[in-house]
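# Close look at the chain arrangement
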Amino acid sequence: MTIGITPGTFPTPMAYTPSEIEPKWQEYWQREETFRTEIDHAKPKYYVLDMFPYPSGDGLHVGHPEGYTATDILARYKRMQGFNVLHPMGWDAFGLPAEQYAIKTGTHPRITTQKNIENFKRQIQSLGFSYDWSREIDTTEPGYVRWTQWIFRRLFERGLAYQAEVPVNWCPELGTVLANEEVIDGKSEVGGHPVVRLPLKQWMLRITHYAERLLEDLEDLDWPEPIKKMQRDWIGRSEGARVLFRLETNDEAELEVFTTRADTLFGATYMVVAPEHPLVEGITSEAHKADVDAYIEKTRRRSERDRMADQGEKSGVFTGAYAINPVNHERLPIWIADYVLAGYGTGAIMAVPGHDERDHAFATKFQLPIVEVVSGGNVEEAAFTGQGEAVNSDFLDGLDTAEAKRTIHAWLEENKVGEASVTYKLRDWLFSRQRYWGEPFPVIHGSDGQTRLVPDEDLPITLPDLEDFRPTGDDFEAPLARVPEWLDVADPETGKPAQRDPNTMPQWAGSCWYFLRFLDPHNSEAPFSEEAERYWMPVDLYVGGAEHAVLHLLYARFWHKVFFDIGLVHTREPFQKLVNQGMILGESYRYYDDNPDDLPDQDVRVYSHEEVEMGEDGPVSTADGKPLKARWMNQQDLTSNPENGEWSHPEHPNLALERVMEKMSKSRGNVVNPDDVVSDFGADSMRLYEMFIGPLEKSAPWSTDGIQGIYRFLQRCWKLVNEEDGDSERLRSFASKATPEQARLLEQTIQGVTEDIEAMRFNTAISKLMILVRDIQSQGPPTQEAAEKLCLMLAPMAPHMAEELWQRLGHDQTLAYEKWPEVDESLLGEEEITIVVQINGKKRDELKVGVEASAETIESMALESERVQAALAGKDVKKVIVVPGRLVNVVV
RNA sequence: GCCCGGGUGGCGGAAUGGUAGACGCGGACGACUUAAAAUCGUCUGGCCUUGUGUCGUGCAGGUUCGAGUCCUGCCCCGGGCACCA
């Protein structure tokens, strides 16, 4: 572990040169395997994890390293605190973009993925993160896929994986089905393509079996409250009752509904079933069959998006059938309407238009009766959804809503026509995709119609090489369905012909358990060893973007609970503490022009934001309503006006530009590439700057000017240790003894920086280090001890600089495992403190008093002060408040 | 519509109910230099009559000796959910 340069004098470089020292230390860490981690029962563990990236072709943008820097600071800090730190990195490498690129160019996704991984790894390594690269994993590697498939087997064996004909979100553009969570406003989350609902046979995972536990166990997690809330809302627990309605014409079948307001049962005036409801066909009368079929056909054809569009507007048809209300035996007409969702509750409702807004709107439109059964509103005008006294409800009359619910629930049970029940919004997880670039399912479909698991010893099932990666759009088949030599196999049990499953798993599969594979990534006997799991789990700190609030984080928790149930893991939850980093926004300058279709050779007029307003289809000119298009310019492409220092368009110097801060994207021209930042300022500046611009959780704009200040700070750190000596540099001469002020400043900084890092307030930690570097030299050189402690405090944040200075200060070992500085309380205290003197809460004077001064002394000193005397001017002092160590407030 | 966040100088942002604006950027002035850059130093919320004057943390109130911070009502921005019975 010897570094191999004699400390003391140094050849060039003369000044702080990140391009020299950063590669040097990165090579050193790699060569010495500085951050390689093994199980060590003598030390406490700390598992700090980043959400591993999808290695896209665009490479890293400056948003990625924000989270990675935060976790790296914690990892390095915890090492110095004596923890055995697990800090791994890997690649979530299955996924759509590589496949879409393959469709466009014919390049195999494996090639693209490998290339992208190499680029990502190079970029991440250039930032000096202390990952244990011996644990690197790639979800597409057969050695990883094997265990993902192994886990699927466990799910299947426990009945948690099943195939079903379900209405799915089919996205023709992407040629695949999507999970509900991946559909936003009727469009695909990726790419924003339209989505239609179609019944297809798919793999499903029974996440609903875990709904209650997924909800309950959120309680003890140290997660941001909004994320917990989003998960709670997604799970959507709802307490109510199931009620059975007999059908008028059919004694066999019953219509079951779920309601949260069983207390309004007497107010039900009709029933509604979802168009997909299985009972529809059986109950529809001959006279209404044509209408019903037409309606079903129409709603089926409509995309989710169309449905969203006429939000609120109700549609439906009468089936001709009637149900009997169990409480009063009234005939209730059964309607079909798409405002009742097949996937929620029982797919059927009792409609109480007096006390439900949707039912009210529907009843009004189709002139169905509205009955008041809870007093407190005017049900003719609008549904009254609040609590109140039950009326027109026979044995419920006079009861308040809560009491009425209890009573009716008991009545339903007694009469065997229903019971109290809990329903969840959460639905089973649609787990198959009609794609190529994913994990194949470890199953075969026998000619007897049975689905059998492929034995563990035959895993992994790997993907065949393809030329054509397109899904077959018309009959919705996966690309693998076209590969008979892969698809057709012999059933190992019967020897008869059988087929593999042409679908693949969604991208989430690999990320559901990668944090467990990191514990023991080379294990070929098991996904990970019991010893490793017992030692390392749970993840102590997990940092990533808030966009995974209900997708990855819910799926991973679900799998983890299954693992817990089969004894694979010993914790109920995988991620004890979660932190969401904010986004780093790009800066650009916006204006508009009247060439929305980008036609060439046009006589284009430009508009400033002041001349533009938002029309229905985009920006238009305020003056004449002409459609316009927004244009964005990067600051680099603007010219600076020498007179007022403002930025302007090189061709339109008088055009007022609007400074906008947005998510970085190619179209805005506001993307900052970390490679450029590293080459201009170095990785340490990049790391520090990203931590300095604001709290980790908050979004903040990237500014090229701002990073200059950080670079200057690092130069000052450099000069604190080195000084020029002719053409070379040498260690500066340090003071042999610190002044009391210097000693106090150092201890205060240690205390503050330690607290800030613990609380992940990196911005204020950095500002405290800036103050230390500035002020410790104001009365002369610092001591070597102070310089060394500065290095140690700098080490988690600017590790290259810290290692280099540490070496120059005469150490021949990395500082990665040096002890974090401790506060010497005896040096911390001030001898004299400043007390603020207020009169009626307004500052009027300051007093310097000894730290030991009593409240009485301070009070009398304050009252005697000239300014107070002058301000009092004979008025009576009503009250004096003394806050020890802070202030005196004189009330007159 | 509902549910979360958040509104503090020219900008990013600091402030256990106790000196609002730490730290950084930008700006001004000064030092060094033939000069510039770099570096270092001083100043930098607004206003005025330049006084340790006055106003200031989205707006209007309230609690308090004292409010950026707590309470009530409103305005604006960002995000999430959106026929869930």
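Here is a short report on the structure shown in this document. Everything quoted here is computed from the prediction, not taken from an experiment.

## Description of the pairing of strand β22 (residues 497-500)
- Pairing geometry for strand β19 (residues 443-446) and β22, over three bridges, is antiparallel. Across the sheet, residue Ile444 finds its bridge partner in β22, namely Arg500.
- Alignment of strand β21 (residues 488-490) against β22, held across three bridges, turns out to be antiparallel. Note on β22: the bridge partner recorded for Val489 is Ala498.
- Between the end of β21 and the start of β22, which pair antiparallel, lie six residues, with Gly495 showing a positive phi angle near 75°.

## What about the protein's contact with RNA strand B?
- Within the structure, RNA strand B sits among 48 residues, and Thr260, Tyr344, Arg358, Arg867 and Asn889 are positioned closest to it.
- Protein-adjacent atoms of RNA strand B, using a 4 Å cutoff, are sugar or phosphate at a proportion of 58%.
- Ser238 places a polar side-chain atom, nitrogen or oxygen, 3.3 Å from a phosphate oxygen of RNA strand B.
- Between Thr259 and RNA strand B, the recorded distance is 3.3 Å, taken from a side-chain N or O atom to a sugar or linking oxygen.
- Breaking the surface near RNA strand B down by element, the ones donating at least two residues are α7 (225-235), β12 (254-259), α20 (706-721), α22 (762-775), β36 (832-839), β37 (842-850), β38 (879-883) and β39 (887-891).

## Points about the sheet that holds strand β3 (residues 84-86)
- Here four strands make up an open sheet; going across it, the order is β3-β2-β23-β24 and the pairing parallel. A strand with exactly one partner marks an edge of an open sheet, and here the two such strands are β3 and β24 (578-581). When strand polarity is set aside, the average angle formed by the axes of neighbouring strands in this sheet is 20°.
- The pairing of strand β2 (residues 45-50) with β3 spans three bridges and is classified as parallel.

## Comments concerning unusual backbone geometry
- Residues Leu459 and Pro460 are joined by a peptide bond in cis, for which omega reads 0°.
- Pro538 follows Met537 through a cis peptide bond whose omega is 0°.
- With respect to the helices, strands and loops of the structure, Pro538 is situated in the loop between α16 (530-536) and β23 (541-545).
- Look at His329: it is not a glycine, yet its phi comes out positive at around 60°.
- Inspection of the secondary structure puts His329 in the loop between β14 (317-324) and β15 (331-336).
- On the basis of relative accessible area, His329 is assigned to the exposed category, the value being 57%.

## Regarding the environment of Asn523
- For Asn523, the location among the structural elements is in the loop between α15 (514-517) and α16.
- Put simply, Asn523 and Gln507 are 16 residues apart on the chain and 23 Å apart in space, counted from C-alpha to C-alpha.
- Discounting residues that sit within four places of it in the chain, Asn523 has contacts with Trp147, Arg517, Phe528 and Ser529.
- Among the polar contacts made by the side chain of Asn523, one reaches the main-chain amide nitrogen of Ala526 at a distance of 3.1 Å.

## Examining the pairing of β2
- Counting buried residues in β2 gives six out of six residues, a clear majority hidden from the surface.
- On the question of chirality, the crossover connecting β2 to the parallel β3 by way of helix α2 (residues 64-80) is right-handed.
- Two strands pair when backbone bridges link them, and β2 and β23 are joined in this way by three bridges, in the parallel orientation. Along β23, the bridge assignment pairs Asp50 with Val543.

Reading guide: rules and limits
- Residues numbered from 1 in each chain as written.
- Chains lettered and ligands numbered in written order.
- Predicted model: local features only at pLDDT ≥ 70, side-chain atom pairs only at ≥ 80, totals over all residues.
- Heavy atoms only, no water.
- Pairing = 2+ DSSP bridges.
- Helix = DSSP H or I, 4+ residues; strand = E, 2+ residues; numbered from the N terminus.
- Near = heavy atom within 4 Å.
- Polar contact = N/O pair within 3.5 Å; in protein donor to acceptor, adjacent residues only side chain to side chain.
- Axes fitted to C-alpha atoms, helices over the stretch in contact; angles between N-to-C directions.
- Buried < 20%, exposed > 50% of the residue type's maximum accessible area, 1.4 Å probe, protein only.
- Contact = heavy atoms within 4.5 Å.
- Right-handed = clockwise from strand over helix to strand, strands pointing away.

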